[in-house]
Amino acid sequence: MSTPAPTFLQSTLLVSNREITVRLRSKAFRISTGILLLGVLASIVIGSIVSANAEPTKVAVQRSVINALPDLRQFAVTDVNTRVEAERLVRSGAVEAAIVSNSTVSKLGITVIGLHSSPAAVVAAVSVAPDVTLLDAPKQNPLLIYLVSLGFGLVFFLSAVTFGSTIAQSVVEEKATRVVEILMSAIPVRTLLAGKVLGNSILAFGQIALIATLSGVGLLVTGQSTLLGTLGPSIIWFVVFFALGFVLLASLFAAAASLVSRQEDIASVTSPVTMLVMVPYLLVILFNDNPIVLGIMSYVPFSAPVGMPMRIFLGTAQWWEPVLSLAVLLVSTAFVIMIGARIYENSLLRMGGRVKLRDALAR
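Here is a short report on the structure shown in this document. Residue numbering note: each chain is counted from 1, following its sequence as written. Per-residue local features of the predicted model are confined to residues with pLDDT of at least 70, and side-chain atom pairs are confined, for both listing and counting, to 80 or more; whole-chain, interface and lining totals are unaffected and use all residues. Based on all heavy atoms of the structure, the side-chain values leave hydrogens and waters out of the count.

Some details on the overall build of the protein
Point 1. Put simply, DSSP H or I for four residues or longer makes a helix, DSSP E for two residues or longer makes a strand, and each gets a number counted from the N terminus. Of regular secondary structure, the protein possesses 13 helices and 5 strands.
Point 2. Here's how the labels work: a residue is buried when its accessible area is under 20% of the maximum for its type, exposed when over 50%, partly exposed in between, all with a 1.4 Å probe on protein chains only. Of all 363 residues assigned to the protein, the portion counted as buried reaches 44%.
Point 3. Pairs of residues are marked as contacts when any of their non-hydrogen atoms sit within 4.5 Å. For the protein, restricting intrachain contacts to residue pairs at least 6 apart in sequence, the fraction spanning at least 24 positions comes to 65%.
Point 4. Residue-level accessible areas treat just the shown protein chains as cover; the underlying method is Shrake-Rupley with a 1.4 Å probe. A total of about 18,800 Å² of accessible surface is found on the protein, and carbon and sulfur atoms cover 66% of it.
Point 5. For the protein, the distance from the average site of its 25 positive side-chain charges to the average site of its 18 negative ones is 9 Å. In this count, Lys and Arg are taken as positive residues and Asp and Glu as negative ones, while His and the chain termini are left out. The location of each charge is read from NZ of Lys, CZ of Arg, CG of Asp or CD of Glu.

Here you go:
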């Protein structure tokens, strides 16, 4: 009695399990992952230490309300006589906030003045919530915006290139050693491609999810819960977008690598795909607060995994935009997988020189 042939799903899972097992057994992979996680943890701890050692907040206090205030020893207090003087110090940056008399508006008899945002620490220090006046429109901290954009861009770039290169090397190695011919005698070509993409996508997603979890735990342990509350939604969306975006990129890396038969030719055929990863990395760093550039990036499949999370962090994206962007990415991924599978299938058994893209796309 003959054994029934494995189904598409069974074959895909078999190949993906092999990819995951080989990768996890690699000492280089374990070391690089450990270094990456330590780097993330170190950045969180350093940020906590820097914030803990920061100079006390400078606050201007109108003399007429000093006796009505609680102890403000945690602040560097500057006494002023009038509200005009206090506002001048806030606008000039000499102090970060001011507390002035205002018996006509606030029942407490005071008003806390800020520049770009409500000075939460000062508001909390006066115990009862006073009337708050902002002298300028709210705006995110530029340094924090840069660091978040750098984090999203760097993690996306490194993970995509690292795992994409692994797929490319695996494809060429199997093709050069003719192992692929043995594999194709047992399972269809598209199943082999699906297994490679699935296995490496699981590893990449697992690494990103681990980084996100470690970041959240690190922020909580170091007492940076406020920052976690600000970053949380954008991190979650980044993980979701990365999971789908990497499948698209992995398909391209595998298809591109199938065009050649030598390891030394991998860089030449995968460089266009690498550029598709590098461009979003550069754009999100250089234009991290540009609403037009980030808006365009949010709907371009190759840059959406970093563009949309940045807009969510900045609060410039409407509630429906991440869903629409994800739908665009899903359709694009399905199309790329279809094209990539054709290239992979038509090129895998062609040895020797580089296969022309026109021939690889031919039916």
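We are not done yet, so read on.
A short note on the packing of helix 8 (residues 225–257) against helix 9 (residues 266–286)
Point 1. Between helix 8 and helix 9, the shortest axis-to-axis distance is 8 Å and the interhelical angle comes to 165 degrees. With respect to each other, helix 8 and helix 9 are oriented roughly antiparallel. Our pair here, helix 8 against helix 9, has a crossing hand that is right-handed. Contact residues: helix 8 offers L249, L252, F253, A256 and A257, while helix 9 offers V269, T270, V273, T274, L276 and V277.
Point 2. Residue classes follow a fixed rule: Ala, Val, Leu, Ile, Met, Phe, Trp, Tyr, Cys and Pro count as nonpolar, while Asp, Glu, Lys and Arg count as charged, and any other residue, Gly among them, counts as polar. Here the residues of the contact of helix 8 with helix 9 are counted per class, giving 9 nonpolar, 2 polar and no charged. Angles shown run from 0 to 180 degrees and are taken between the N-to-C directions of axes, each axis being a line fitted to C-alpha atoms and, for helices, limited to the stretch in contact. Each angle is binned into one of four classes, with values under 35 degrees roughly parallel, values over 145 roughly antiparallel, values of 65 to 115 roughly perpendicular, and all other values oblique. Working rule for handedness: look at the near helix, and if it is turned counterclockwise from the far one by less than a right angle, call the crossing left-handed; if clockwise, right-handed.

Section: the nonpolar core
Point 1. To qualify as a nonpolar core, a set must consist of buried Ala, Val, Leu, Ile, Met, Phe, Trp, Tyr and Cys residues joined through side-chain atoms within 4.5 Å. Counting residues in hydrophobic clusters, the biggest one holds 70 residues, and the most contacted among them are M310 and Y344.
Point 2. Ignoring sequence-local partners within four residues, the contact set of Y344 consists of V171, V189, L192, L193, K196, A254 and S258.
Point 3. Formed by 14 residues, the second largest nonpolar core is a distinct cluster that contains V61, A97, V123 and A125.

As for helix 8
Point 1. Between the first and last C-alpha of helix 8 there are 44 Å, a value that for 33 residues agrees with the 48 Å anticipated at 1.5 Å per step.
Point 2. Along helix 8, the largest kink reaches about 45 degrees and is centred on L231; proline P233 follows within four residues of it. Each residue after the first adds 1.5 Å to the expected span of a helix. Think of it this way: the bend at a residue is just the angle between two axes, each fitted to seven residues, one set ending at that residue and the other starting at it.

Quick look at the packing of aromatic side chains
Remark: the centre distance and the inter-plane angle together describe each pair of aromatic rings, the angle taken between the planes.
Point 1. The rule is short: rings of Phe, Tyr and Trp, with Trp giving its six-membered ring, pair when the centres are within 6.5 Å, and they are stacked under 30 degrees, edge-to-face over 60, tilted in between. Within this structure, the stated rule accounts for 8 aromatic pairs.
Point 2. Summarising the aromatic geometry, the rings of F157 and Y281 are spaced 5.2 Å apart at their centres and angled 20 degrees between planes, so their arrangement reads as stacked. With F157 in helix 5 (residues 142–176) and Y281 in helix 9, this residue pair connects regions lying 124 residues apart in the sequence.
Point 3. Taking the relative accessible area as the measure of exposure, F157 reaches 15% and is therefore buried.
Point 4. The exposure class assigned to Y281 is buried, which follows from its relative accessible area of 17%.
Point 5. Consider the rings of F242 and F246, whose centres lie 5.8 Å apart with planes at 20 degrees: the pair is stacked. Note that F242 and F246 are positioned in helix 8 at a spacing of 4 residues, about one turn of the helix.
Point 6. With a relative accessible area of 0%, F242 lands in the buried category.

A word on the side chain of S215
Point 1. Within the element layout of this structure, S215 appears in helix 7 (residues 189–221).
Point 2. By relative accessible area, S215 is classed as buried at 13%.
Point 3. Contacts described as polar in this section are N or O atom pairs within 3.5 Å, which, within protein, must combine one atom able to donate a hydrogen with one able to accept it, while residues neighboring in sequence count only if both atoms come from side chains. Only 2.7 Å separates the side chain of S215 from the backbone oxygen of I211, close enough to count as a polar contact.
Point 4. The residues touching S215, leaving out its near neighbours within four places in the chain, are V40 and I44.

Topic: the pairing of strand 4 (residues 110–114)
Point 1. A large share of strand 4 lies buried, amounting to 5 of its 5 residues.
Point 2. Where burial is concerned, the two faces of strand 4 agree: the one with I110, V112 and G114 and the one with T111 and I113 are both buried.
Point 3. Pairing between two strands is assigned when DSSP locates at least 2 bridges connecting them. The pairing of strand 3 (residues 97–101) with strand 4 spans 4 bridges and is antiparallel. Bridge assignment links I99 to a residue of strand 4, and that residue is V112.

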